[in-house]
Amino acid sequence: SFSLSFNSPPFSTNCNSKNRFKRARFPISSISYQKFVQFALDETKLHTHLFPSPLQEKHNSMLSLDQKAKLEMLSFHAPKIRLLRSLNIESETVQVLDFAAFPEPEFDIPIFCANIFTAANSSIVVLDLNPLHDVITQRYYREKYYKSLLHLGTKYAELLPWGGKLTSESLKFFSPIVIWSKFSSTESKYDILSSAFMDYYKAWLELMNNTVEETIPSQRMINREAQHRYLSWRAEKDPGHHLLRKLIGETLAKDVVQNFLFNGIDELGSKSFLDYFPEYRCEDGTINTKRSMAGKSYEHRPWDERGEFIGDTIKS
Ligand code: BLA
């Protein structure tokens, strides 16, 4: 087991600064989500063999344009895992983790998703086993994967409370055990978050371990298209893109998003974002740059403890 360690405050050389005590309350540059990634890799190796991804050659580490932030990228694949990748951003003002595991399309297991954005005051977290198929209308899929994990959702729903209204469209990509939370950056929250990360990742590995290859070609196609649709959504609308553009510029950000973070868009299918999400089509045929067409909603957790959806019917 591990928990985040808090080394000497990064501002300790700045002894006469009046701000020292304010800032030292919880110096975010002393936390590192690299430990989350290391835990996940070590844990994965207990179950399967990890191979370095060919993506690693081009996408590894880089500095932001102002040289103040370091971006670290890692990628692997394994027999049942098409892509296991992480993006870690560290600077004195932000700490970001985007960690995901995408199964091979022969499998219908969920996609592991850990997105954590931490600034000096507050953090935004999405931690989930994102369902490949609709868990609101498809009871079979929901029960197959989430029935045995509902206790995790219940446990963390109290410790990391629902973050309030969010882009309505995003909810369709979330499961009944999703952790969607916003909180002020404190040490105790980080201990909870690291324990949630470990629990959720171990649960995902268990699913990965137990899953059997889909043999029916039409079913494989359905899995493949579902993953492609997921990638299309995130490559176009992920809330992280803005900061990424700010840090490394438009061109590199686009490359990281399309070819690294959501790699597979070009290989898993040929449909476009607008084929999947036609409501975003502008009159001139371009994609509406708004994140949400339906607007924000779901002020409260729209899932009950039995995994039943209790929110309003999803628009669009
Ligand atoms: C905010 N990130 C958010 C929000 C969500 C997510 C739901 C709240 C705003 C909203 O409702 O859109 C995360 N949304 C997701 C995820 C899925 C989804 C994981 O649909 C998956 C299907 N976040 C990152 C990275 C950065 C980041 C890599 O993952 C930065 C590089 C930043 N996320 C970030 C910031 C905000 C945010 C700055 C708040 C500002 C904003 O809402 O734009």
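## Examining the site of the ligand
Phase 1: Close to the ligand lie 21 residues, the nearest being Asn115, Thr167, Ser170, Trp233 and Arg291.
Phase 2: Note that an oxygen atom of the ligand is positioned 2.7 Å from one of the side-chain N or O atoms of Ser170.
Phase 3: Take Arg291: an N or O atom from its side chain is 2.6 Å from an oxygen atom of the ligand.
Phase 4: Here the ligand has 840 Å² of accessible area as a free molecule, and 87% of this is covered by the chains.
Phase 5: Spatially, the ligand is embedded in the largest pocket.

## Here we look at the packing of aromatic side chains
Phase 1: Taken as a whole and judged by the stated rule, the model has 24 aromatic pairs.
Phase 2: Here Phe173 and Tyr230 contribute two aromatic rings whose centre-to-centre distance is 5.9 Å and whose plane-to-plane angle is 70°, an arrangement assigned as edge-to-face. Pair noted here: Phe173 is in the loop between strand S8 (166-167) and strand S9 (179-184) and Tyr230 is in helix H6 (residues 217-237), with a separation of 57 residues, a long-range link.
Phase 3: Given the relative accessible area of 6%, Phe173 is considered buried.
Phase 4: Of the aromatic side chains, those joined through ring pairs into one cluster are Tyr33, Phe36, Phe99, Phe112, Phe183, Tyr190, Phe197, Tyr201 and Trp204.

## Some words on the nonpolar core
Phase 1: If you look at the biggest cluster of nonpolar residues, it comprises 94 residues, and the most contacted ones within it are Phe99, Phe112, Phe197, Trp204 and Leu244.
Phase 2: Setting aside chain neighbours within four positions, we find Trp204 in contact with Ile81, Ala101, Ile109, Pro110, Ile111, Phe112 and Leu129.

## Overview of the packing of helix H7 (residues 241-248) against helix H8 (residues 250-261)
Phase 1: Orientation of H7 relative to H8, taken along the N-to-C sense of each, is 130°, at an axis distance of 7 Å. With respect to H8, the axis of H7 lies oblique. In terms of crossing hand, the pair formed by H7 and H8 is right-handed. Of the residues in H8, those touching H7 at His241, Leu244, Arg245 and Ile248 are Glu250, Leu252, Ala253, Val256, Val257 and Leu261.

## Focus on the pattern of salt bridges
Phase 1: Scanning all chains against the criterion turns up 14 salt bridges.
Phase 2: Close ionic contact of Glu72 with Lys70 constitutes a salt bridge, the shortest N to O distance being 3.4 Å.
Phase 3: When the shortest N-O distance is used, the salt bridge between Arg139 and Glu308 registers 3.2 Å. Taken as a pair, Arg139 in helix H3 (residues 139-146) and Glu308 in the segment after strand S10 (296-297) lie far apart in primary sequence, 169 residues in all.

## A few points about the confidence of the model for the protein chain
Phase 1: Mean pLDDT for the protein chain: 91, with 90% of residues reaching 70 or above.
Phase 2: Counted against residues more than four places away or in other chains, residues 1-24, with its pLDDT under 50, gives 31 contacts.

Thresholds, definitions, all that
Residues numbered from 1 in each chain as written. Predicted model: local features only at pLDDT ≥ 70, side-chain atom pairs only at ≥ 80, totals over all residues. Heavy atoms only, no water. Near = heavy atom within 4 Å. Polar contact = N/O pair within 3.5 Å; in protein donor to acceptor, adjacent residues only side chain to side chain. Areas by Shrake-Rupley, 256 points an atom, 1.4 Å probe, with all protein chains shown as cover. 1 Å grid on protein atoms, 1.4 Å probe; cavity = no way out; pocket = protein on both sides within 12 Å on 5 of 7 lines; lining within 4 Å. Sits in = over half its atoms within 2 Å of the grid points. Phe/Tyr/Trp six-rings, centres within 6.5 Å; stacked < 30°, edge-to-face > 60°. Helix = DSSP H or I, 4+ residues; strand = E, 2+ residues; numbered from the N terminus. Buried < 20%, exposed > 50% of the residue type's maximum accessible area, 1.4 Å probe, protein only. Core = buried A, V, L, I, M, F, W, Y, C linked by side-chain atoms within 4.5 Å. Contact = heavy atoms within 4.5 Å. Axes fitted to C-alpha atoms, helices over the stretch in contact; angles between N-to-C directions. Parallel < 35°, antiparallel > 145°, perpendicular 65-115°, else oblique. Left-handed = near helix turned anticlockwise from the far one by under 90°. Salt bridge = Lys/Arg side-chain N within 4 Å of Asp/Glu carboxyl O. pLDDT = per-residue confidence, 0-100.

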